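# Report on the structure
If you want the building blocks of each chain, they are given just below.
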Amino acid sequence: MNLDSARQRIASAVTQYGQHAAPAIDLVLNEVRSDLGANAFNELVEEFDLELLYNIAPLESDYSNS
């Protein structure tokens with residue numbers, strides 16, 4: 001998975017499912033987080049305004065403090 005592919009998949013989900021696209025977007029974002037990390041995940045959340053539109057929040061960090 002790369003960012004361009006993720007962008008296309010998110011845009012396609014938004015076009016196809018509209019306000020019900022959150023589950024499809026979640027699948028893409030989980031793959032992005034796994035392959036590219038939290039920074040890429042957060043970049044897509046911000047770029048597509050996913051927090052406001054779909055209640056998908058950015059990640060805190062790739063690292064845990066525990």
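Read on for a plain summary of the structure. Here the structure is a predicted model, which is why all the values come from computation and not from measurement.

What follows concerns helix α2 (residues 22–36). Note that an α-helix has 3.6 residues per turn; residues three or four places apart therefore point the same way. Under the 1.5 Å per step criterion, the end-to-end length of α2 is 20 Å for 15 residues, consistent within 8% with the ideal 21 Å. Lining the buried residues of α2 we find α1 (3–17), α3 (38–47) and α4 (50–54). Just downstream of α2 lies Gly37, where phi reads positive at about 95°.

Attention shifts here to the side chain of Asn42. Its place among the elements puts Asn42 in helix α3. The contacts of Asn42, once residues within four sequence positions are left out, are Pro58 and Leu59.

This part takes up α3. Of the positions making up α3, those classed as buried are Ala38, Ala40, Phe41, Asn42, Leu44 and Val45. Those residues of α3 that are buried are in contact with α1, α2 and α4. Looking one or two residues past α3, Asp49 carries a phi angle of roughly 55°, positive in sign.

Time to look at the packing of α2 against α3. The geometry of α2 relative to α3 is characterised by a closest axis approach of 7 Å and an angle of 145° between their N-to-C directions. For the pair formed by α2 and α3, the contact residues are Leu29, Val32, Arg33 and Leu36 on the first element and Ala38, Ala40, Phe41, Leu44 and Val45 on the second. Per-class residue counts for the contact of α2 with α3 are eight nonpolar, no polar and one charged.

Criteria and thresholds
Residues numbered from 1 in each chain as written. Predicted model: local features only at pLDDT ≥ 70, side-chain atom pairs only at ≥ 80, totals over all residues. Heavy atoms only, no water. Helix = DSSP H or I, 4+ residues; strand = E, 2+ residues; numbered from the N terminus. Expected span 1.5 Å × (residues − 1). Contact = heavy atoms within 4.5 Å. Buried < 20%, exposed > 50% of the residue type's maximum accessible area, 1.4 Å probe, protein only. Axes fitted to C-alpha atoms, helices over the stretch in contact; angles between N-to-C directions. Nonpolar A, V, L, I, M, F, W, Y, C, P; charged D, E, K, R; others polar.

The quantities given are spatial measurements derived from coordinates; they are silent on function.
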